[in-house]
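For reference, the chains in residue letters:
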Amino acid sequence: QKIVPLSGYAGSAKKQKRVYAFVKRSFDIVASLAALLVLSPLFLVVSVICTLYTIGKPLFVQQRMGRNNVPFLVFKFRTMNVAAPREVATHKLENPDQYISRVGETLRKLSIDELPQLINVLIGNMSIVGPAQRPHQTYLIALRKRNGANSIRPGITGLAQISGRDNVTIKEKAWLDGEYAANRSVLLDLRILFKSVGYVLKSKGICEGAN
């Protein structure tokens, strides 16, 4: 029986990772471009609604930490008025109702406000499935660096989003991001996408306000 050296296994693993990375990025490009084209009428309608109800630009742009801790600008539909704190997560606000527009709550429950992130996916800042996107928080960055989650693109959805979403603590999210980074595969991505549909349809895990 031929003995395969350990270096052979390492080479095979690297090849599998390269193939997976190619398949994943190809899927991201095709899926995001197709979705943007198909959903363009919805984008137009939602843009008009957001402008009317928030008295601001339809797209909300905010800095997030991306792959290898390189910052990028993430795009979302504006669901809160222009007076809302820019760097505070909605689920941490004491009184979010005074900031969220009348239609903003519905857009958030249906995750329609997340759709412009498809632009981020297309240009390569994000992936459809990946670790949760994060603001610049030193403590969280240290946790994610330790578990390898900083080395891959953040995703529109991921393990954290299908494991409780806003109800998951920072440490739990960092651990889930690490689990995804260590075990990512096509099958895992498909499982996350499938479960994400159920979360969106049922509006599970959405928490508006610190209370």
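Residues numbered from 1 in each chain as written. Predicted model: local features only at pLDDT ≥ 70, side-chain atom pairs only at ≥ 80, totals over all residues. Heavy atoms only, no water.

Trainee: Which residues make up helix 2 (residues 40–54), and what values go with them?
Mentor: Taking 1.5 Å of rise per residue, the 15 residues of helix 2 would be expected to cover 21 Å, and the 21 Å separating its terminal C-alpha atoms lies within 8% of that figure. All of the buried residues in helix 2 are Phe43, Val46, Ser47, Cys50 and Thr54. When helix 2 is viewed along its axis, its buried side chains cluster within an angular range of 110° and face the same direction. Across helix 2 from its buried face, at more than 90 degrees, point the exposed residues Pro41, Leu44 and Leu52. In the stretch just after helix 2, Ile55 is the one whose phi turns positive, near 55°. (Helix = DSSP H or I, 4+ residues; strand = E, 2+ residues; numbered from the N terminus. Expected span 1.5 Å × (residues − 1). Buried < 20%, exposed > 50% of the residue type's maximum accessible area, 1.4 Å probe, protein only. Arc of directions from axis to C-beta.)

Trainee: Can you lay out the packing of aromatic side chains for me, pointing to particular residues and giving the numbers?
Mentor: With the rule as written, the count across this model stands at 1 aromatic pair. Here Phe43 and Phe77 contribute two aromatic rings whose centre-to-centre distance is 5.3 Å and whose plane-to-plane angle is 65°, an arrangement assigned as edge-to-face. Here Phe43, found in helix 2, pairs with Phe77, found in strand 2 (residues 71–77); they are 34 residues apart in sequence, far enough to count as distant. Here Phe43 matches Phe77 in class, with each residue buried. (Phe/Tyr/Trp six-rings, centres within 6.5 Å; stacked < 30°, edge-to-face > 60°.)

Trainee: Describe the side chain of Asp28, naming the residues involved and giving the relevant values.
Mentor: Structurally, the position occupied by Asp28 is in helix 1 (residues 6–38). Among buried Asp, Glu, Lys and Arg side chains, Asp28 stands out as unpaired, with Arg25 the closest opposite charge at 4.4 Å. Here Ser127 takes part through its side chain, which lies 2.6 Å from a polar atom of the side chain of Asp28. Setting aside chain neighbours within four positions, we find Asp28 in contact with Val121, Met126, Ser127 and Ile128. (Lys, Arg positive; Asp, Glu negative; His and termini not counted. Salt bridge = Lys/Arg side-chain N within 4 Å of Asp/Glu carboxyl O. Polar contact = N/O pair within 3.5 Å; in protein donor to acceptor, adjacent residues only side chain to side chain. Contact = heavy atoms within 4.5 Å.)

Trainee: Give a description of a nonpolar patch on the surface that names residues and reports values.
Mentor: A contiguous nonpolar patch, built from Val19, Phe22, Val23, Val186, Leu187 and Leu190 and spanning about 600 Å² of accessible area, is present on the exposed surface. For the nonpolar patch, the secondary-structure elements that each account for two or more residues are helix 1 and helix 7 (186–202). By secondary structure assignment, the location of Val19 is in helix 1. (Patch = residues over 30% accessible without salt bridge, like charges linked within 9 Å, V, L, I, M, F, W, Y side chains within 5 Å. Areas by Shrake-Rupley, 256 points an atom, 1.4 Å probe, with all protein chains shown as cover.)

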